[in-house]
Amino acid sequence: MKIGIIMLAAGNSRRFGSNKLLYEIQGKPMFCYILDTLYDVQKNWEQLPGETESCLEVSVVTQYDFVAEQAEKYGFRVYNNPAPERGISSSVRIGLEANQEADAALFCVADQPWLSGRTIGGLIHACIRGEKGIVCVSDGTHMGNPCIFRKKYFGELGLLTGDKGGKKVVLSHSDDVEIYQVAADQELLDIDYKV
């Protein structure tokens, strides 16, 4: 099974007041945390016994040169979003177009610095071993990112418009959703305002 991991990092940070991807947390730009985590997940996955029949490929969709440069250092594929003002749906479409050969797509965002590799790996295992078409994380009170969609939902995701992400598709197919419980609530915290 081939899973395309798509990191969405093209937003304009309107609510934040400045480019939140550059906002430093413990001396490190926010977006670097998820890049580091995805790199570790991909590297560790290749060393897992019994996972030779599945592979992970990371793509980053961004409008920012500084994000692209850092992502390329890890060997990730980078795709430019020339119209980020059209909302997150524009990045979703670019990511999907770049991963048409994948059996499933895992979407993650750049403003979740506490998301762990353990959670991402667990989500991927749940998708591979399960029968549901969608697997989402939850902290017990609400679902959040990241989320995996099997290929049968690529077409529907590609029809999203504006600042609407995959949640609309998730809610439309609640009977085909598996919930993956995260260990720590803070993991799902996305930063929309300065802390």
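The preceding data block contains the structure.
Residues numbered from 1 in each chain as written. Predicted model: local features only at pLDDT ≥ 70, side-chain atom pairs only at ≥ 80, totals over all residues. Heavy atoms only, no water.

This next bit is on the packing of aromatic side chains. Enumeration over the complete set of coordinates arrives at five aromatic pairs. Put simply, the rings of Phe31, Tyr64 and Phe66 pair up and form one aromatic cluster. The lysine or arginine in question, Lys28, covers the ring of Tyr33, its NZ or CZ lying 4.4 Å from the ring centre. (Phe/Tyr/Trp six-rings, centres within 6.5 Å; stacked < 30°, edge-to-face > 60°. Lys NZ or Arg CZ within 6 Å of the ring centre and 35° of its normal.)

Across the interface, helix H1 (residues 30-46) lies against helix H2 (residues 65-73) with an axial gap of 11 Å and an inter-helix angle of 25°. Comparing the axis directions of H1 and H2 gives the class roughly parallel. The handedness of the crossing between H1 and H2 is right-handed. For the pair H1 and H2, contact is made by Phe31, Cys32 and Leu35 and by Phe66, Val67, Gln70 and Ala71, respectively. Class assignment for the residues of the contact of H1 with H2 results in six nonpolar, one polar and no charged. (Axes fitted to C-alpha atoms, helices over the stretch in contact; angles between N-to-C directions. Helix = DSSP H or I, 4+ residues; strand = E, 2+ residues; numbered from the N terminus. Parallel < 35°, antiparallel > 145°, perpendicular 65-115°, else oblique. Left-handed = near helix turned anticlockwise from the far one by under 90°. Contact = heavy atoms within 4.5 Å. Nonpolar A, V, L, I, M, F, W, Y, C, P; charged D, E, K, R; others polar.)

Along H2, the residues that are buried comprise Val67, Ala68 and Ala71. Taken around the axis of H2, the buried residues stretch over an arc of 100°, which confines them to a single face. Exposed residues pointing more than 90 degrees away from the buried face of H2 are listed as Asp65 and Lys73. Lining the buried residues of H2 we find strand S1 (2-9), H1, strand S4 (55-62) and strand S5 (77-80). One or two residues past the end of H2 sits Gly75, with phi positive at roughly 85°. (Buried < 20%, exposed > 50% of the residue type's maximum accessible area, 1.4 Å probe, protein only. Arc of directions from axis to C-beta.)

Another aspect to go through is the sheet that holds strand S8 (residues 143-150). Within a sheet, adjacent strands bond to each other through the backbone by hydrogen bonds, running parallel or antiparallel. If you trace the seven strands from one edge of the open sheet to the other, you get S5-S4-S1-S6-S8-S7-S9, paired in mixed fashion. Either end of the sheet is taken by a strand with one partner, and the two such strands are S5 and strand S9 (177-181). Strand-to-strand twist across the sheet, computed as the mean angle between neighbouring axes with direction ignored, equals 25°. Relative to S4, S1 runs parallel, the two being bridged by eight bridges. Across the sheet, the residue bridging to Ile6 is Ser59, located in S4. Each of S1, S4, S5 and strand S6 (104-109) is contacted by helix H3 (residues 88-97), which is oriented at about 150° to S1, the strand it contacts most. (Pairing = 2+ DSSP bridges.)

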